[in-house]
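Reading the structure
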Amino acid sequence: MLKEERVQIAKRVAEEFETGDIINLGVGIPTMIPDFLGGKEVYLHSENGLLGIGPTPPEEEIDMDLISASKQPITMSPGASLFSSSDSFAMIRGSHVDAAVLGALQVDETGRLANWAVPGKSILGVGGAMDLVAGAKKIILSLTHQSKDGTPKLVAELTYPNSGLRKADMVVTEKGVFRFIDETMYLVEIDENITVEELRKITDAHFEVSSDLKTMNQ
Amino acid sequence: MDKVISPKEAAGMVNDGDTLLVGGFGLSGSPLSLIDEIVEADVKNLTVVSNNLGEEGRGLGRLLKKKQLKKAIGSFFTTNREAVRAWADKELEIELIPQGTLAESLRAGGAGIPAYYTRTAVGTDLAEGKEERSFEGEKYILEKAIKGEVSLVKAVKADKLGNLYYHKTAMNFNPEVATAGNIVIAEVDEIVEPGEISPGDIHTPHLYVDYLVVNDRYVKEGGRYVEKNA
């Protein structure tokens, strides 16, 4: 995917947050979000045991005893705290984290999601995905609208193994923003370069169009 | 009681067929010297409980490479391609559990709690065969505690009593692992006198720790642990 599309998604997700929010960011696009928070002060939670991720360190300050859940070197922001894995997951599973921004392989039209395994491939990695899906107060999915071969990721029904019973609250792609209300998917914002009709052609999931449809990132 | 032993003596406490609980998140906070010693001790048919299996040829990846492992229990193995290959070739059993369940099951194992209910993984492939029960209208699955014969943890510093201080996010699973083994061995970079670690800074109190081993194989350079003489 183009860098500008990734930026568009990250920028839009960043708008969702308010000062004071506790946020857990998954791998991929979510890691770009801190660049677009503007002046909003949020606290980034890392499931390997840190609340308060700071900026990426310069090479000479790298300490691999201080890494993110993606095993990248990080720093600590003022007021950061360190804790063990079970404490970290108590925060997630006990619903103390305001929002989790996750990637997804598929999301269905009711908000159920699949983000850990591909059918027919070895199922050997789940990490904290299911804990976040079950426990975060709000689930925001950030993903490209289609896979590389053009297959829709927003589907009528999941064909990939699901990540839990819990459903997403919101989906942000480079084409639009969707929210779920009573298990119905609503298009609330659309990219300026696509029409609703064109969007339906690349979306397998049924969605309603919000009466208050806006243009994305404007 | 003097808890300080040699790495070789520590490795001698691991027997064929044991379940080893090992701290670390990838190579971060992983007891690398102890693992290397166990590789050389050549024990077999081990079950390892750890978030990952290190990396290819590094950390726990070395036990895999030497075919000393029968089974791995953890949350993320795809970053070690050799683990994926060994699993596909049926040389290694893998039990995949969510990361929070791994941490909580170890905590429960050390806290005398045989099992507990959680919402994580309900309705997924990873809940297959697990008892499901509803509390206040929400579904939960029963997860069992994890215990093992030997726990291996890594702390940056210990005092002679066995009180442990972990460094930043290298703490990760180590505090839980230190509670859940019959024998608990801590690898540390430095051993100081009791009182030198401020009581409020002690993450794992000494009653959990049976033996201390000084890391004699790895030094920290440029923020990374590298092998001495490598």
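So, how was this worked out
- Along each chain, residues carry numbers from 1 onward, in the same order as the chain's sequence is written.
- For this description, chains carry letters from A and ligands carry numbers from 1, given in the order in which they are written.
- Only residues with pLDDT of at least 70 get local features here, since the model is predicted, and only at 80 or more are side-chain atom pairs given and counted; chain-wide, interface and lining totals rely on the full set of residues.
- Working from all heavy atoms in the structure, the side-chain values ignore hydrogens and water.
- Two strands form a pair only when DSSP identifies at least two bridges running between them.
- Note on conventions: DSSP H or I runs of at least 4 residues are helices, E runs of at least 2 residues are strands, and numbering of each starts at the N terminus.
- Interaxial angle, 0 to 180 degrees, is taken between N-to-C directions of lines fitted to C-alpha atoms, where a helix line uses only the stretch in contact.
- The contact criterion used is simple: two residues touch if any of their non-hydrogen atoms lie within 4.5 Å.
- Only protein chains enter the accessibility calculation, which uses a 1.4 Å probe. A residue is then buried if its area is under 20% of the maximum for its type, exposed if over 50%, and partly exposed in between.
- N or O atoms closer than or at 3.5 Å make up a polar contact, with two conditions inside protein: a donor-capable atom paired with an acceptor-capable one, and, for residues adjacent in sequence, both atoms drawn from side chains.
- Each aromatic pair joins two rings of Phe, Tyr and Trp (for Trp, the six-membered one) with centres within 6.5 Å, and gets the label stacked for planes under 30 degrees apart, edge-to-face for over 60, and tilted for any other angle.

As for the sheet that holds strand β4 (residues 75–82) of chain A
Residue and element names in this part refer to chain A. Strand order in the open sheet formed by ten strands is β4-β3-β2-β1-β5-β8-β10-β11-β12-β13, and the pairing between neighbours is mixed. Lying at the two open borders of the sheet, with one neighbouring strand each, are β4 and β13 (208–215). Across this sheet, the average inter-strand angle for adjacent strands is 25°, counted without regard to direction. Here four bridges tie strand β5 (residues 99–102) to strand β8 (residues 138–142), and the two strands are oriented parallel to one another. Each bridged residue has a counterpart across the sheet, and for L102 the counterpart in β8 is L141. Each of β5, β8, β10 (170–172), β11 (176–181) and β12 (184–190) is contacted by helix α1 (residues 3–14), which is oriented at about 145° to β10, the strand it contacts most.

A word on the side chain of S163 of chain A
Summarising the element assignment, S163 of chain A is placed in the loop between β9 (154–155) and β10. For S163 of chain A, a relative accessible area of 1% puts it in the buried group. Engagement of the side chain of S163 of chain A in a polar contact is seen with the side chain of N115 of chain A, the distance being 2.6 Å. In this structure S163 of chain A touches L113, A114, N115, W116, M130 and V133 of chain A together with T124 of chain B, once residues within four positions along its chain are discounted.

Some points on the packing of aromatic side chains
Residues and elements named next belong to chain B. This structure, assessed with the given rule, holds three aromatic pairs over all chains. On the basis of an interplanar angle of 65° and a centroid distance of 5.0 Å, the ring pair of Y117 and F135 is categorised as edge-to-face. Residue Y117 is located in strand β5 (residues 115–118), and its partner F135 is located in strand β6 (residues 132–135); the two are separated by 18 residues in the primary sequence. Overall, the relative accessible area of 26% leaves Y117 in the partly exposed class. In this structure F135 comes out as partly exposed when scored by relative accessible area, which is 29%. Look at F135 and Y140: their rings are 5.5 Å apart centre to centre, the planes differ by 80°, and that puts the pair in the edge-to-face class.

Don't take any of this as a statement about function, it's just geometry.
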